[in-house]
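This is what each chain is made of:
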Amino acid sequence: GGINARPSIRVLEQDNACALMDGDRAMGQVSGTLAMEKAISLAKQYSVGAVSLRRGSHFGAAGYFSAMAVEKDCIGIAISNTTAMMAPTGGSEPVIGNNPISIAVPSSGDFPSVLDIALSISSQAKLMVAREQGKPIPPGLALDPNGEPTNDPPAALAGTVLPVGG
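Report on the accompanying structure. All figures in this text were calculated on a predicted structure; none of them were measured in a lab.

### Description of the overall build of the protein chain
Point 1. Across its full length, the protein chain carries four helices and eleven strands.
Point 2. By its C-alpha atoms, the protein chain is 50 × 45 × 30 Å across when sized along the principal axes.
Point 3. Out of the 166 residues in the protein chain, the part that is buried amounts to 34%.
Point 4. A fraction of 47% describes how many contacts in the protein chain between residues 6 or more apart in sequence connect residues 24 or more apart.
Point 5. When the accessible surface of the protein chain is summed, it comes to about 9800 Å², and 54% of that surface belongs to carbon and sulfur atoms.
Point 6. Between the centroid of the 11 positive side chains of the protein chain and the centroid of its 14 negative side chains there is a distance of 9 Å.

As structure tokens, then:
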């Protein structure tokens, strides 16, 4: 029930190069695409375009959206927030989102420069795959619910992944 199958995605406010859009709980790939298209349109008109999207959902790889801008000869930046799933450095409880960040820049070569990162050292998806395969995870990726380092995927999923940089 979290996704609206028939959303009304729209611009709520716009002031020159900045806009606020409402995703109406659409699939993140749909609302994210429309938001980046709006940002590109604004950038073409004002030399910069900044769009915030509220009531969106998980949109997958942020690099997809920043690369959309490169196709229109723009620099693209796509960022998102997530629910708390990661302990801060020195912490043991998940209080920080694994917020993805992507920047794409056109180049003079055949391929643009694209950075697509998240804030944790590992994704929860990798922990889920290890759990399904019945394999341990490498040390240093996660803590169990008691805040202790673990290589056990179910314990890691019940605990927290760790941030990039330790």
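From this point, the narrative continues.
### Let's talk about the packing of aromatic side chains
Point 1. Taken as a whole and judged by the stated rule, the model has two aromatic pairs.
Point 2. Geometrically, the ring pair formed by F59 and F65 is stacked, given 4.7 Å between the ring centres and 20° between the ring planes.
Point 3. Using a relative accessible area of 13% as the deciding quantity, one classes F59 as buried.
Point 4. The interplanar angle of 90° and the centroid separation of 5.1 Å between the aromatic rings of Y64 and F65 together place this pair among those described as edge-to-face.
Point 5. An aromatic cluster is present here, built from F59, Y64 and F65 joined pairwise through their rings.

### What about the layout of surface pockets?
Point 1. Here the largest pocket is characterised by a volume of approximately 1300 Å³.
Point 2. Taken together, 49 residues form the lining of the largest pocket, with F59, A78, I79, S80 and P100 sitting closest to its centre.
Point 3. The element best represented in the lining of the largest pocket is helix α1 (residues 28-46), accounting for nine residues.
Point 4. When the residues that make up the lining of the largest pocket are grouped by side-chain class, the tally is 25 nonpolar, 20 polar and four charged.

### Thoughts on the pattern of salt bridges
Point 1. Within the structure shown, the criterion is met by five salt bridges.
Point 2. With a shortest N-O distance of 3.7 Å, R54 and D22 are connected by a salt bridge. Separated by 32 residues along the polypeptide, R54 in strand β3 (residues 50-54) and D22 in strand β2 (residues 18-22) bring together distant segments of the chain.
Point 3. Close ionic contact of R131 with E132 constitutes a salt bridge, the shortest N to O distance being 3.5 Å.
Point 4. You can call E132 exposed: its relative accessible area is 62%.
Point 5. Members of the salt-bridge network, linked through shared partners, are R10, D22, D24, R54 and R55.

The rules we used
Residues numbered from 1 in each chain as written. Predicted model: local features only at pLDDT ≥ 70, side-chain atom pairs only at ≥ 80, totals over all residues. Heavy atoms only, no water. Helix = DSSP H or I, 4+ residues; strand = E, 2+ residues; numbered from the N terminus. Buried < 20%, exposed > 50% of the residue type's maximum accessible area, 1.4 Å probe, protein only. Contact = heavy atoms within 4.5 Å. Areas by Shrake-Rupley, 256 points an atom, 1.4 Å probe, with all protein chains shown as cover. Lys, Arg positive; Asp, Glu negative; His and termini not counted. Charge placed at Lys NZ, Arg CZ, Asp CG, Glu CD. Phe/Tyr/Trp six-rings, centres within 6.5 Å; stacked < 30°, edge-to-face > 60°. 1 Å grid on protein atoms, 1.4 Å probe; cavity = no way out; pocket = protein on both sides within 12 Å on 5 of 7 lines; lining within 4 Å. Points joined across faces, edges and corners; volume = space filled by probe spheres on them. Nonpolar A, V, L, I, M, F, W, Y, C, P; charged D, E, K, R; others polar. Salt bridge = Lys/Arg side-chain N within 4 Å of Asp/Glu carboxyl O.

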